[in-house]
Each structure stands twice: as C-alpha cells, then as structure tokens.
Amino acid sequence: TSLDYQSAANPGYTVFGRIISGLPTLDAINVVPTYTYSSTDIEPQTEVLVYWAQRLK
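Analysis parameters
- Residues numbered from 1 in each chain as written.
- Predicted model: local features only at pLDDT ≥ 70, side-chain atom pairs only at ≥ 80, totals over all residues.
- Heavy atoms only, no water.
- Helix = DSSP H or I, 4+ residues; strand = E, 2+ residues; numbered from the N terminus.
- Buried < 20%, exposed > 50% of the residue type's maximum accessible area, 1.4 Å probe, protein only.
- Contact = heavy atoms within 4.5 Å.
- Areas by Shrake-Rupley, 256 points an atom, 1.4 Å probe, with all protein chains shown as cover.
- Phe/Tyr/Trp six-rings, centres within 6.5 Å; stacked < 30°, edge-to-face > 60°.
- Patch = residues over 30% accessible without salt bridge, like charges linked within 9 Å, V, L, I, M, F, W, Y side chains within 5 Å.
- Salt bridge = Lys/Arg side-chain N within 4 Å of Asp/Glu carboxyl O.

Caption draft 1: Main features of the overall build of the chain. Scanning the chain from terminus to terminus reveals one helix and two strands. For the chain, the sequential pattern of α-helices and β-strands runs α-β-β. For the chain, buried positions account for 2% of its 57 residues. Partitioning the intrachain contacts of the chain with sequence separation of at least 6 by distance along the chain shows that 17% fall at a separation of at least 24. Summing over all exposed atoms, the chain offers an accessible surface of approximately 5700 Å²; the carbon and sulfur share of this is 56%.

In structure tokens form, the structure reads like this:
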C-alpha cells in the first residue's frame, strides 16, 4: 500500500491532520504494534477503526 496518489481506484492516504481534542486516543493508536513489509508498507497488527472525523476548513 502506498501513501502517494496512484489512481482514482488507489488514491493513497492522508498522512497529516490536526488534533483538536482526544490526544489520548491518538497516543493509543500510536502504540499499536505494526508489521513492516517493506520501507513503504507498514500496517497495524490489529485493525484501527476511526468512527468519527470532521473536515475543518
């Protein structure tokens, strides 16, 4: 999986954002163990689900 845009079918992922509340939640996500497949493919060992996010202008 690449973070960079490749096509409309494989758009990549956002790698930046701003935390306005819930820093403990971000800290909990950060300590989830990961598998490293290559220098560009790193995935969590346990699925991390985000139930709510809001786009700010």
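That covers the picture; the talk isn't over yet.
Caption draft 2: How the structure looks around the packing of aromatic side chains. One pass over the full model with this rule turns up one aromatic pair. With centroids separated by 6.3 Å and ring planes inclined at 40°, the aromatic side chains of Tyr 35 and Tyr 37 adopt a geometry described as tilted.

Caption draft 3: A nonpolar patch on the surface, seen in detail. Together, Ile 19, Leu 23 and Leu 26 make up a nonpolar patch on the protein surface, roughly 260 Å² of accessible area in all. By the element assignment, Leu 26 lies in helix H1 (residues 23-30). The partly exposed category is assigned to Leu 26, whose relative accessible area is 38%.

Caption draft 4: Layout of the environment of Arg 18. Inspection of the secondary structure puts Arg 18 in the segment before H1. Linking Arg 18 and Arg 55, residues 37 residues apart in sequence, is a C-alpha distance of 9.9 Å.

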